[in-house]
Amino acid sequence: MDLRAAVAALAVLACNRPQTATSTPGGPPAVRNDAIVSAGGQAPPATTLTNPFAGDRESVPQGEGTFAAMNCDGCHGIGATGWVGPSLVDGRWRYGGADGAVFHSIYYGRPRGMPAFGGVLSEQAIWKIVTYLRAQPVPGDVPTESWVSTRP
Amino acid sequence: MRPRRAALFPFLCLLGVPALRAQQAPADGQWTMPGKDYAATRYSALGAITPANAPRLVPVWSFATGVLGGHEGQPLVVDNTMYVVTPYPNVLYAFDLTREGYPLKWKYRPEVNPSAVGTACCDAINRGAFYAEGKIVYNLLDGHTVAVDAATGRELWKTQVADLGQGETTPMAPFVVKHHVFVGPSGGEFGIHGWLKALDLETGRVVWTAYSEGPDSDVMAKPGVFRPFYDKGTDLGLSTWPPDVWRRAGVPVWGWLSYDPALDLIYYGTGNAAPYNPEQRAGDNKWASSVLARRPEDGALVWAYQFTPHENWDFDANAEMILADLTIGGRPRQVLVHFDKNGFAYTIDRRTGEVLVAAPFTTLNWATRVDLASGRPVVDSSKLTGASRGNIKDICPSLEGGKSPASPAAYSPRTGWFYTATNNLCMDYQASRSTHIAGTPYIGANTPYHAGPGGYMGAFIAWDAARGRKVWEIREPYPVWSGSVVTAGGVVFYGTLDGWFKAADATTGRLLWKFKVGSGVVGAPITYRGADGKQYVAVYAGIGGDWFLLSGDVRSDDPADIRPPADFMPDIARHTSQGGMVWIFALP
């Protein structure tokens, strides 16, 4: 709970940051957010982004805390298993599952209701969410589902 | 699946036949508004289809809407034209019922912001249109109300009523009284500030806005006009909340309205208080989970009654308020009848707001009874929730409701009984602290469901609202999330989540007929007289709505998206998948 409260406090601080983000060298271009609204399907920029926290175990609980504190679980479900928004832990990705693609989805939003969190959350906070999601075990994909007993 | 007679006294209905006044519409064979008439009875005076001949019903027409997702609501039939509104993207179809194959007269394809799809809490549904003075009026999901010329399909006006950026969406069906169109928002899961707006029918201009919570000036409770039966005082919508919490407290208006022309009052229910963690909003939280009675002209609040004070369980009260005249305790009473998510069915004096009867209509354990003297439920404190209380186990009903507000009941003045889909679901409730961030969910609870006692998850029931008694029930393996229609022929229709459309004898509950419509039914059936004079029955198939939140396998556009919340009924995908169909049935 302490960690979660701390993350929530950080998130609130992040929310109070100026609403225009600036570009950093090697990072994503700036995105403008007057409020948390859908980005309306802006095409992601054609750059390859590198997750600075890839594989970093300490980032996983931090990203998980931000995922809850920013109400991501309100749409994507507790544990990111899916609710009105899609599951983020089933290995299926609508807009690409590479770290950079997931970052794009969070930073710029997606057209069917995913808000843009760029300019609201720091790049680092978003990368830690990406790291958290990518650390979750993906169930094996079994294409057949059967209700018929195969035993005699 | 089999009829179960809790108590069957067919002769009692003769004693209880009510004076038919407000609810008796002329048998014009049309269906011009969501609830059939202002009393929201969903009763049709057509009588050609009877228990004797219903087993011979056959499908005579179908149409794929081209949209997946929950097909809630109902078509309209006006002047031999059927009007169908689809879920997002909210296409309006007008079918010519005078021609072979019912070809389209026109279709209206509005521009709707796709962002609304992810902002709507519970699937991109729409609950239907309202016909008034040559106009089809309905809501787009993205917070706009439109009026379309019923003859030509031409857009007459389009008004933004809700703010997507605050989490407001508008799947509700509008309601029209005289020259006002009434609309409200969804968004109880986003911490909106709930309201009902009146728009001018001719221009779409917003005439007034009445909030669900806040100071009397916002709630439009005026001295001398506001006369509640139980909760007296000023600024109750302010004093029953912590300071400023009411500004982002939910209390949406997304259900159905009804209207009593003699009393000149509109009635509607309000939704849950936000967030789900009640410890963030100490107090009664008025007027969440309440019924409000307003004057349609100026919006003034005349009375209000809160079904679930300090609501702890997401017990929205958006379900319909059906107006009927019943004999209660030997006295004729003008009442409204409401099946609440909290599991109690209420029979209330619609002039004053006095509760006359309140009784459980499904499995219920969060309260023992409703105290009629105070109007308050007697709560079992072991079922109270909150972040500091941990995981509270086995609360009944679940937050899907003892009955879904999206599944409107019907009332037959012939039998004197009410007919409704019900759920037999319970839940565990783990609340957690939630932070309000505009435009994101403001919930703070994890609430897995399980079947209630008996193992079946739903039932379709007949209810005696004068006595607070179940008359008969048809148990179903899955929750029942369809509306219903009952006819002068003595037949009641409903649909099931596993994709059956069924007819039952309104008196006995005997199943008469069923047909597999291809996808689960979450819409409300209607009946009408066709251009050829025959009686027809129409219904949507298309599983979705809250089911969209839970389901894995019925999401045929994302077949691997199997979700743990649905594990209480893992085999639904054996029986249905997503679809979107309009069906019409008739006798051969």
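All of these numbers come straight from a predicted model, not from anything done at the bench. (Residues numbered from 1 in each chain as written. Chains lettered and ligands numbered in written order. Predicted model: local features only at pLDDT ≥ 70, side-chain atom pairs only at ≥ 80, totals over all residues.)

Undergrad: Could you give an account of the overall build of chain A, with specific residues and numbers?
TA: Helix and strand counts for chain A come out as five helices and zero strands. In chain A, the succession of helices and strands from N to C terminus is α-α-α-α-α. Within chain A, counting contacts between residues at least 6 apart in sequence, those at least 24 apart form 68% of the total. (Helix = DSSP H or I, 4+ residues; strand = E, 2+ residues; numbered from the N terminus. Contact = placed C-beta atoms within 7 Å.)

Undergrad: So what's going on with the environment of V337 of chain B? Residues and values would help.
TA: Residues and elements named next belong to chain B. Relative to the assigned elements, V337 resides in strand 21 (residues 331-339). For V337 and R294, which are 43 residues apart along the polypeptide, the C-alpha to C-alpha distance reads 17 Å. Beyond its immediate chain neighbours, meaning those up to four positions away, V337 contacts I322, A324, A345, T347, Y411, F418 and A465.

Undergrad: Outline the pairing of strand 29 (residues 425-431) of chain B, listing residues and values.
TA: All names here are of chain B. For strand 29, a buried count of six out of seven residues is recorded, marking the element as mostly surrounded by other parts of the structure. Two strands pair when backbone bridges link them, and strand 26 (residues 391-395) and strand 29 are joined in this way by three bridges, in the antiparallel orientation. Looking at strand 29, one finds that I392 is bridged to Y429. Pairing between strand 29 and strand 31 (residues 449-451): three bridges, direction antiparallel. Looking across to strand 31, one finds that C426 is bridged to H450. (Buried ≥ 20, exposed ≤ 12 C-beta atoms within 10 Å, placed from the backbone. Pairing = 2+ DSSP bridges.)

Undergrad: Outline the pairing of strand 20 (residues 322-328) of chain B, supporting the account with residue identities and numerical values.
TA: All names here are of chain B. Of the strand pairs in this sheet, strand 20 and strand 21 are connected by seven bridges, and their pairing is antiparallel. Its bridge partner lying in strand 21, I328 is registered against R331. Here strand 20 folds back onto strand 21, and the loop between the two strands holds two residues, one of which, G329, carries a positive phi near 60°.

Undergrad: How would you summarise the sheet that holds strand 10 (residues 144-149) of chain B if you had to cite specific residues and measurements?
TA: Residues and elements named next belong to chain B. Here four strands make up an open sheet; going across it, the order is 8-9-10-11 and the pairing antiparallel. Strands with a single pairing partner mark the edges of an open sheet, and in this sheet they are strand 8 (130-132) and strand 11 (155-160). Across the sheet, the mean angle from the axis of one strand to that of its neighbour is 20°, orientation sign disregarded. In terms of strand pairing, strand 8 meets strand 9 (residues 135-140) through three bridges, oriented antiparallel. Residue pairing across strands places F130 opposite V137, the latter belonging to strand 9. (Axes fitted to C-alpha atoms, helices over the stretch in contact; angles between N-to-C directions.)

Undergrad: Before we move on, can you summarise the confidence of the model for chain A with the specific residues and values?
TA: Residues and elements named next belong to chain A. Chain-level statistics for chain A give a pLDDT mean of 76 and a share of 68% at 70 or above. Mean pLDDT per element in chain A: helix 1 (residues 2-15) is the minimum at 43, and helix 5 (residues 123-134) is the maximum at 97. Across residues 1-21 the pLDDT falls below 50, and counting only partners more than four positions away or on other chains, this stretch makes 30 contacts in the model. In the predicted structure, residues 34-42 sits below a pLDDT of 50 and forms 27 contacts with residues beyond four places in sequence or in another chain. (pLDDT = per-residue confidence, 0-100.)

Undergrad: How would you sum up helix 4 (residues 99-108) of chain A? Please name residues and give values.
TA: Residues and elements named next belong to chain A. Of all ten residues making up helix 4, eight are buried, and the element is well covered by its neighbours. Taken as a whole, helix 4 has its buried residues at D99, V102, F103, H104, S105, I106, Y107 and Y108. Those residues of helix 4 that are buried lie in contact with helix 5. Downstream of helix 4 by a residue or two, G109 has a phi angle that is positive, lying close to 80°.

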